[in-house]
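Secondary and tertiary structure notes
Listed here are the chains, written in short residue letters.
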Amino acid sequence: MKILILPDAQSASRRVADAITAQVAKKPDSVLGLATGGTMEPVYTDLVRRAQSGGCDISRVTTFNLDEYVGLAPGHPQSYRHFMTERLFAPLGIRDEQTHLPTADAGNCDQVAKDYERAINEAGGIDLQLLGIGHNGHIGFNEPTSSLASRTRVKTLTERTREANSRYFREDEEIPRFAITMGIGTILDTAEVCLLAVGDAKAAAVAAMVEGPVSARCPASALQFHRKATIVLDEAAASRLELRDYYDTVHPGGAETGL
Ligand code: F6R
């Protein structure tokens with residue numbers, strides 16, 4: 001794992017936008033794995049700004065999002081499809097046909113999950129997977145005790161996750177109980193991952209992911225088995241890491257000069 005600690009949330013999200021820009025410059029038709037959530041918003045805003053000022057062209061990518069709520073139609077304002085269209089796909093000129101989310105209702109989840117795995121394989125696999133992390137250590141919606149070998153499937157959301165995501169729903173709206181998510185095995189198969197975590201509310205989950213034992217108790221700890229994982233943190237999210245001196249020695253200030 002490469003641990004990059006940046007001074008603040010803004011420079012950390014800029015660093016992740018740099019990674020995506022570099023990937024697309026190297027391979028314009030990259031297959032990108034994308035995430036939603038508050039952590040990703042500044043990354044996507046930055047990418048749109050860069051593309052609109054001519055700094056990069058991200059219009060030729062194929063994308064696969066990590067997850068989607070079961071039962072929310074693509075047009076639903078709280079669906080992840082809507083989130084992605086508003087914040088990234090439409091502003092960057094990425095057409096619907098280039099993008100994939102596991103949109104399903106209760107009746108066809110298993111088929112949608114199977115088709116999703118097949119579509120990822122047919123696209124040649126994911127070149128770069130973007131990840132956030134939940135307070136409980138989830139990646140995608142792989143909640144604690146998820147199989148570390150899991151593939152795309154339905155998961156029941158924890159109450160903690162539903163509560164964390166309730167900020168996106170109106171008070172009179174029911175927060176979905178189920179989501180379809182890429183599995184941990186699916187994420188481990190990607191060529192490269194870049195996980196972004198900012199703020200002290202993520203510090204405990206980050207410490208468990210990076211320095212804890214590999215355990216389904218903290219699904220993100222499975223990334224210790226990933227061949228190429230970069231963890232981008234701000235100072236607050238890094239505040240509970242015990243081997244901090246080492247990360248600073250290898251990558252001072254989050255610089256990538258170290259080996
Ligand atoms: C969403 C996803 C989740 C989020 C995580 C953090 O597609 O995969 O794992 O990355 O819940 O969410 P925020 O960034 O809102 O704290």
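Structure report, in brief. Every value quoted in this text rests on a predicted model; they were computed, and no experiment measured them.

**So, empty space enclosed by the protein**
Under the definition given, this model contains one cavity of 30 Å³ or more. Roughly 50 Å³ of internal volume is contained in the largest cavity. Ile20, Leu32, Leu34, Leu47, Ile58, Val61, Thr63, Leu88, Leu92 and Ile94 together form the lining of the largest cavity. For the lining of the largest cavity, the elements supplying multiple residues, two or more each, are β2 (31–34) and α3 (80–92). When the residues that make up the lining of the largest cavity are grouped by side-chain class, the tally is nine nonpolar, one polar and no charged.

**Notes on the layout of surface pockets**
Considering only enclosed or pocket space, the largest pocket measures out at about 620 Å³ in volume. Thr36, Gly37, Gly38, Asn165 and Arg167 are the residues nearest the centre of the largest pocket, which is lined by 36 residues in total. At the level of secondary structure, the elements contributing two or more residues to the lining of the largest pocket comprise β4 (67–69), α3 and α5 (159–165). Among the elements that make up the lining of the largest pocket, the one with the highest residue count is α3 (five residues). Class assignment of the residues belonging to the lining of the largest pocket gives a composition of 15 nonpolar, 15 polar and six charged. Of the voids in this model, the second largest pocket is the one considered here, and its volume is about 260 Å³. Lining the second largest pocket are 14 residues, with Lys2, Arg15, Glu192, Lys228 and Thr230 positioned closest to its centre. Listing elements by their share of the lining of the second largest pocket, those giving two or more residues are α1 (9–26) and β10 (229–234).

**Description of the site of the ligand**
Neighbouring residues of the ligand: 14 residues in total, closest Thr39, Asp67, His138, Gly140 and Lys202. Within the side chain of Thr36, one N or O atom sits 2.8 Å away from an oxygen atom of the ligand. One nitrogen or oxygen atom from the side chain of Asp67 is found 2.7 Å from an oxygen atom belonging to the ligand. Considering the ligand on its own, with 410 Å² of exposed area, one finds that the protein chains cover 93% of that surface. Put simply, the ligand lies in the largest pocket.

**What about the nonpolar core?**
Tyr44, Met209, Leu223, Leu233 and Leu241 are the most contacted members of the largest nonpolar core, which totals 73 residues. Contacts of Tyr44, omitting those with residues within four sequence positions, involve Leu34, Ala35, Phe83, Met84, Arg87, Leu88 and Leu130.

**Concerning the sheet that holds strand β3 (residues 62–65)**
The parallel open sheet is built from seven strands, whose spatial order is β1-β10-β9-β6-β2-β3-β5. With partners counted over all chains shown, the strands left at the sheet margins are β1 (2–6) and β5 (99–100), one partner each. Pairing analysis gives five bridges linking β1 to β10, with the strands arranged parallel. Opposite Ile5, over in β10, you have Leu233 as the bridge partner. In the packing of α1 onto the sheet, the strands contacted are β1, β2, β6 (128–131), β9 (193–197) and β10, and the crossing angle to β10 comes to about 150 degrees.

Thresholds applied
- Residues numbered from 1 in each chain as written.
- Predicted model: local features only at pLDDT ≥ 70, side-chain atom pairs only at ≥ 80, totals over all residues.
- Heavy atoms only, no water.
- 1 Å grid on protein atoms, 1.4 Å probe; cavity = no way out; pocket = protein on both sides within 12 Å on 5 of 7 lines; lining within 4 Å.
- Points joined across faces, edges and corners; volume = space filled by probe spheres on them.
- Helix = DSSP H or I, 4+ residues; strand = E, 2+ residues; numbered from the N terminus.
- Nonpolar A, V, L, I, M, F, W, Y, C, P; charged D, E, K, R; others polar.
- Near = heavy atom within 4 Å.
- Polar contact = N/O pair within 3.5 Å; in protein donor to acceptor, adjacent residues only side chain to side chain.
- Areas by Shrake-Rupley, 256 points an atom, 1.4 Å probe, with all protein chains shown as cover.
- Sits in = over half its atoms within 2 Å of the grid points.
- Core = buried A, V, L, I, M, F, W, Y, C linked by side-chain atoms within 4.5 Å.
- Buried < 20%, exposed > 50% of the residue type's maximum accessible area, 1.4 Å probe, protein only.
- Contact = heavy atoms within 4.5 Å.
- Pairing = 2+ DSSP bridges.
- Axes fitted to C-alpha atoms, helices over the stretch in contact; angles between N-to-C directions.

These figures come from the coordinates and say nothing about function on their own.
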